[in-house]
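Summary of the model geometry
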Amino acid sequence: MLKPLLSMVAATVLLVGTASADTVRIALIDPLTGPMAAAGQSALDHLKFHAEKINANGGINGDQLEIVGLDNKVNPQESLVQLQKAIDDGIRYVTQGMGSSVGSAIPAAVNKHNARNPGDEVLYLNMAAVDPAFTNERCSFWHFRFDAHVDMKMNALTTWIEGRDDIKKVYLINQDYSFGRAVAEAATKMLKEKRPDIEIVGQDFHPLAKVKDFTPYVSKIQSSGADAVITGNWGQDITLLVKAAADSGLEMPFLTYYGAMAGVVTQVGEAGVDRIYQVNEYYGDFDKPEMAEQQVAMYEDTGWDYYWLRLTTMLDMIDKAAEKADSTDPVKVAFAMEGMSLDTTTGEVVMRKSDHQMQLPLFISVLKDDMEYGAEGTDFNFHKIAEISREDVTLPTTCKMRRPKQG
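First, a word on scope: everything that follows refers to the structure included in this document. (Residues numbered from 1 in each chain as written. Predicted model: local features only at pLDDT ≥ 70, side-chain atom pairs only at ≥ 80, totals over all residues. Heavy atoms only, no water.)

**Quick look at the overall build of the protein**
Under the convention used in this document: Runs of H or I in DSSP of at least four residues are treated as helices and runs of E of at least two as strands, each being numbered from the N terminus. Radius of gyration: over C-alpha atoms. The globule rule applied is 2.2 Å multiplied by the number of residues raised to the 0.38 power. The buried label goes to any residue with under 20% of its type's maximum accessible area, the exposed label to any with over 50%, and the partly exposed label to all in between, with areas taken from a 1.4 Å probe on protein chains only. For this analysis, residues touch if any pair of their heavy atoms sits within 4.5 Å. Computed by Shrake-Rupley with a 1.4 Å probe, the accessible areas treat only the displayed protein chains as cover when residues are assessed. Here Asp and Glu are counted as negative and Lys and Arg as positive; His is not counted, and neither are the chain ends. Where a charge sits is defined by one atom per residue type, namely NZ (Lys), CZ (Arg), CG (Asp) or CD (Glu).
Secondary structure assignment for the protein yields 13 helices and 15 strands. Computed over the C-alpha atoms, the radius of gyration of the protein is 22 Å, within 12% of the 22 Å expected from 2.2 N^0.38 for a compact globule of 407 residues. The dimensions of the protein, computed from C-alpha atoms along their principal axes, are 85 × 45 × 40 Å. A buried classification covers 58% of the 407 residues belonging to the protein. Taking the intrachain contacts of the protein between residues at least 6 apart in sequence as the baseline, contacts between residues at least 24 apart amount to 72%. Counting every atom, the protein has about 16600 Å² of accessible surface; 51% of that belongs to carbon and sulfur. One way to put it: in the protein the 39 positive side-chain charges average out to a point 8 Å from where the 57 negative ones average out.

In C-alpha cells:
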C-alpha cells in the first residue's frame, strides 16, 4: 500500500505546484488594522474588485490574479517583516502606498533581494507613496510608481492657485515625516515661483496618526489670518482635521491631496461643501458611462467608493505588459511596462521609461451637494473644476537608473 500512497502524495504536490504556477499573486502591504485601516482596506477591496474583472476576462496572460492583504500597521519594520513573508510565500509582486516612510523601506529591501536572488526577482508597484526621491535620486528598475508624486501634484495645484486672486495668505499643515515635509517644501517653493505675492502665514507638522483632536491646530489657523490651507494629510489625519475645521466654523478653503479619502465626506458633510478641494487623478462626477458603472458596481459589491482609480490603472498595465511580454515573469513584465501607454477613463497615461514614474492628467475638484453619484452613501462628492494636462503635470527627473540585462 505504500507505493500507491506515495504516488497519491506526488500527484497532490504536482497539482498544488501547477495551481500555484497558474496564479499571479500581488501582495498589498498596508495598514489593515488601527487608525489608518480605512485607507488600506479600501485599497485592498478595490484591488480585489478589479482582479475579479480581469480574471473574468481571462486573467493575466492566461493566469488567474490573486490579491493578498498583509497588515503593516503603517510601520516600516513591520512592512519588512510582511515583505519577507510575501517573498517566502513565492509572491513576486508587492504593492504599497500608505506612507512614504514605509515605502522608503521596501525598495531598498527589494533591491537587495533581487541582487542576491537572480531568477526570483520581485517588483514593487508603488500606488501612493509619493516622496519625489523614489523616482529621482533613489530610483530603481524594480520600482514603478502609479501615482503622481508630491511635486507633480503641487505643480498642478499651484497652477490652479495662480489664477485665484482671492488666495493671498496660506497656512501649511502636514504630517511630520518625509511626505509631509515634501508637501510643505514643494508648496513654499512653487508658490514663491508662481505667486510671489502669497504669504505663508503659518506652518505645522504633527505626528502621523497620533492626533485625536485637531482643534488646537485649527485655532492657530484661525488666528493666523490665512485665507486658505494646504495639506497633504491622509487617512485619519485628514478626516479629523477637516472635521475639526468644520466644527469650529472655519470657512476658508482646504486645498488637499487626499480630501476624498474614506470617511471624510461622512464626517464633514454639508460643512465641507465648496470648502474642501482635492488634487488627484480622480473626481466624483463620474461623467463617463464606464466611470459611473464602476462606481455603482464597486459600492454595491464592497461598500467603498471608486476612489482608487490608479489601482485599476496599475492592474490593467500589468495585464497589458504581461500580454506584451507573453510572460508573467516580473523582469519581463518590467521591461514591457517601460514607456507603455494606457487609455484610462480620465485620459491617456504613460509609464515613463527613464524613472518609472507614471505621467498622467490631474484634476482639481471641490466637494458639492446633490451629486448624481454621492460618496459614502450621501449626496456629496467631488465635482471637477479644473483639469491639468499630462504634459503640464510632468516634471523632469534626476534618475540615473541601472537596468539588469534583458534576456
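Now that the structure is up, let's keep going.
**Remarks on empty space enclosed by the protein**
Here is the rule we go by: Only protein atoms enter the 1 Å grid used here, on which a cavity is any set of points holding a 1.4 Å probe that cannot leave and a pocket is any open set flanked by protein within 12 Å on both sides along at least five of seven lines; residues with an atom within 4 Å of a point are listed as lining. Grid points are joined across faces, edges and corners, and a volume is the space filled by probe spheres set on the points. By the convention adopted, Pro, Cys, Tyr, Trp, Phe, Met, Ile, Leu, Val and Ala count as nonpolar, Lys, Arg, Asp and Glu as charged, and the other residues, Gly among them, as polar.
Evaluation of the coordinates by the stated rule reveals 3 cavities of 30 Å³ or more. In this model, the largest cavity occupies a volume close to 80 Å³. Broken down by class, the residue content of the lining of the largest cavity amounts to 10 nonpolar, 3 polar and no charged. The calculated volume of the second largest cavity comes to roughly 60 Å³. What lines the second largest cavity is simply Phe146, Glu281, Leu309, Arg310, Thr313, Thr344, Thr346, Val349, Leu360 and Pro361. Ranked by residues supplied to the lining of the second largest cavity, first place goes to helix H11 (residues 309-325) with 3 residues.

**A closer look at the sheet that holds strand E3 (residues 93-96)**
Heads up, the rule is: When DSSP locates at least two bridges between a pair of strands, those strands are taken to pair. Interaxial angle, 0 to 180 degrees, is taken between N-to-C directions of lines fitted to C-alpha atoms, where a helix line uses only the stretch in contact.
The strand order across the open sheet formed by 5 strands is E2-E1-E3-E4-E5, and the pairing between neighbours is parallel. Whereas interior strands pair on both sides, the edge strands pair on one side only; in this sheet they are strand E2 (64-71) and strand E5 (143-145). Shown here is a sheet whose adjacent strand axes are inclined to one another by a mean of 25°, direction ignored. For strand E1 (residues 23-30) and E3, the ladder comprises 3 bridges, and the chain directions are parallel. Within E3, the position partnered with Leu28 by the bridge is Thr95. Along the sheet face, helix H2 (residues 37-56) touches E1, E2 and E3 and points at about 170° away from the line of E2.

**Quick word on the nonpolar core**
Applied cut-off: Among the buried residues, those of types Ala, Val, Leu, Ile, Met, Phe, Trp, Tyr and Cys that are joined through side-chain atoms within 4.5 Å form a nonpolar core.
Within the largest apolar cluster, 143 residues are counted, with the highest numbers of intra-cluster contacts made by Ile230, Trp234 and Met337. Non-local contacts of Ile230, meaning those with residues more than four positions away in its chain, are made with Met154, Leu157, Ile161, Val170, Tyr171, Leu172, Ile173, Asn174, Ala187, Leu191 and Leu255.

**Notes on the environment of Leu125**
As for its position among the elements, Leu125 is in strand E4 (residues 123-126). Given a relative accessible area of 0%, Leu125 falls into the buried group. A sequence separation of 190 residues divides Leu125 from Leu315, and the C-alpha atoms of the two residues are 9.8 Å apart. The residues touching Leu125, leaving out its near neighbours within four places in the chain, are Ile26, Tyr93, Val94, Thr95, Gln96, Phe144, Phe146, Met314, Ile318 and Met337.

**Describing the layout of surface pockets**
Computed from the structure, the largest pocket encloses a volume of approximately 280 Å³. Looking at the largest pocket, it is lined by 13 residues, and the ones nearest its centre are Pro132, Asp151, Lys189, Met190 and Leu395. The biggest single contributor to the lining of the largest pocket is helix H6 (residues 178-194), with 5 residues.

**What about the packing of helix H5 (residues 150-161) against H6?**
What counts, and what does not: In this scheme the handedness of a crossing depends on how the near helix is turned from the far one: anticlockwise by less than a right angle means left-handed, clockwise means right-handed.
As a packed pair, H5 and H6 sit with axes 9 Å apart at the nearest point and diverge in direction by 40°. Crossing of H5 against H6: the hand is right-handed. Of the residues in H6, those touching H5 at Val150, Asp151, Met154, Asn155, Thr158, Thr159 and Ile161 are Phe179, Ala182, Val183, Ala186, Ala187, Met190, Leu191 and Lys194. Grouping the constituent residues of the contact of H5 with H6 by class yields 10 nonpolar, 3 polar and 2 charged.

**Thoughts on the packing of aromatic side chains**
Spelled out, the test is: Any pair of Phe, Tyr and Trp rings, taking the six-membered ring for Trp, is counted once the centres come within 6.5 Å. Such a pair is stacked with planes under 30 degrees apart, edge-to-face with planes over 60 apart, and tilted for the rest.
Scanning the entire structure with this criterion turns up 13 aromatic pairs. Measuring from ring centre to ring centre gives 4.9 Å for Phe141 and Trp142, while their planes differ by 90°; the resulting arrangement is edge-to-face. Just as Phe141 is buried, Trp142 falls in that class too. Ring geometry for Tyr257 against Tyr258: centres 6.2 Å apart, planes inclined by 70°, an arrangement best described as edge-to-face. Of the residues examined, Tyr257 reaches a relative accessible area of 0% and is grouped as buried. Overall, Tyr258 belongs to the buried group, its relative accessible area being 4%.

Keep in mind that these numbers describe shape and distance, not what the molecule does.
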